[in-house]
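Listed below are the residues making up each chain.
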Amino acid sequence: PPPYQRRISMIQEMMLMAKQGKQDEATEMLKTLRQVAAAPGKVLRDICFERTWYASFRNLVDPITHDLIISLARYVHCPKTEGDSLGAMEKVCRQLTYHLSPHSQWRRQGLLKRKPQANLKAVLSGPLSSGTLDLSGIPLAARDMERLCAYLQRHAATVASLELGFTELTDEAFLLLLPTLATLPHLETLALNGNRLTRAILKELTDALKDPGSFPSVTWIDLGNNVDIFSLPQPFLVSLRKRCPKQGNLPTILE
């Protein structure tokens with residue numbers, strides 16, 4: 001299964017352990033969850049009281065996941081003496097599950113129940129709507145990249161946003177797509193979240209961003225909820241910042 005499914009399963013198991021009073025088991029599951037869903041390095045018990053650590057959020061790929069996991073750590077290690085602590089913890093688990101899951105509107109629209117290849121063929125056969133190509137939730141294999149690259153090249157003058165979240169995209173497939181993406185003159189946002197990408201692609205992507213002629217208009221790339229991409233290299237962030245001169249600072253945590 002893709003990484004996000006494993007993480008959701010771990011959240012559900014941890015909540016069940018907490019309900020059964022198995023605090024030690026829930027703590028160990030939370031530590032494992034943090035290793036696979038957030039950047040490893042800090043002991044959860046220390047994070048409960050350390051506020052300066054938030055300063056490092058600016059380099060994180062997915063600060064929302066970090067924030068929610070830290071909230072869970074506080075409920076586990078620093079239980080409240082008053083109120084429904086278990087209910088509050090369950091609420092955070094629901095928030096984290098929703099954040100790591102494919103958008104619920106896909107299920108309402110029946111997208112996940114259709115034949116993937118038929119969907120891809122249908123989308124790439126139609127016109128580009130308002131500069132956005134949305135392939136979210138449609139599994140993409142390396143063999144599909146040639147067709148996708150051809151479509152992007154035909155619509156290079158109008159593609160401004162590309163949604164590839166939860167498409168099971170692998171490193172191999174992404175590296176086949178990367179040269180075409182880098183040449184799109186008006187591409188501003190690129191969503192790659194919820195896939196099977198690893199940090200091995202960061203070097204190629206960062207090198208491409210260092211070239212002013214590549215990704216000339218890109219200002220936002222989402223790499224969250226992949227295999228092991230937890231933080232971004234400083235050259236990656238600096239290169240993105242140079243492409244948005246009107247914005248003096250990097251986005252805040254909330255942004």
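Reading the values: rules and limits
Here the residue numbering is sequential within each chain, running from 1 through the sequence in written order. Given that this is a predicted model, residues contribute local features only at a pLDDT of at least 70 and side-chain atom pairs are listed and counted only at 80 or more, while totals for whole chains, interfaces and linings are drawn from all residues. For the side-chain quantities, the full set of heavy atoms in the structure was used; hydrogens and water were omitted. Residue-level confidence of the predictor, termed pLDDT, takes values from 0 up to 100. Where helices and strands are cited, they refer to DSSP runs of H or I of at least four residues and of E of at least two residues respectively, numbered from the N terminus. What makes a nonpolar core is a set of buried Ala, Val, Leu, Ile, Met, Phe, Trp, Tyr and Cys residues whose side-chain atoms join them at distances within 4.5 Å. A 1.4 Å probe rolled over the protein chains alone gives each residue an accessible area, and that area as a share of the maximum for its type sets the label: buried under 20%, exposed over 50%, partly exposed in between. Residue contacts are defined here by distance: any two heavy atoms, one from each residue, within 4.5 Å place the two residues in contact. A pair is scored as a salt bridge if a Lys or Arg side-chain nitrogen falls within 4 Å of a carboxyl oxygen belonging to Asp or Glu.

- The protein chain goes by Leucine rich repeat containing 75A in an unreviewed UniProt entry, where it is assigned to Tetraodon nigroviridis.

## Things to note about the confidence of the model for the protein chain
Should the pLDDT be low somewhere, the predicted coordinates at that spot are not to be read in detail.
Step number 1: Put simply, the protein chain has an average pLDDT of 84, and 80% of its residues get 70 or more.
Step number 2: Predicted confidence in the protein chain is weakest over helix α3 (residues 44-47), with a mean pLDDT of 48, and strongest over helix α9 (residues 171-183), with 98.

## Details of the nonpolar core
Step number 1: The biggest cluster of nonpolar side chains holds 43 residues, and the ones touching the most others in it are L148, F215 and L223.
Step number 2: For this core, the secondary-structure elements that each account for two or more residues are α7 (116-125), α8 (145-154), α9, α10 (201-210) and α11 (234-242).
Step number 3: A per-element tally of this core places α9 first, with six residues.
Step number 4: Leaving out residues up to four positions away in the same chain, L148 has contacts with L124, L133, L135, L140, L164 and L177.

## A word on the pattern of salt bridges
Step number 1: Taken as a whole and assessed by the stated rule, the structure comprises five salt bridges.
Step number 2: Here K31 makes a salt bridge to E28, at a shortest N to O gap of 3.6 Å. Of this pair, K31 and E28 both sit in helix α2 (residues 23-37), three residues apart, which is roughly one turn of that helix.
Step number 3: Linking R199 and D228 is a salt bridge whose minimum nitrogen-to-oxygen distance equals 3.6 Å.

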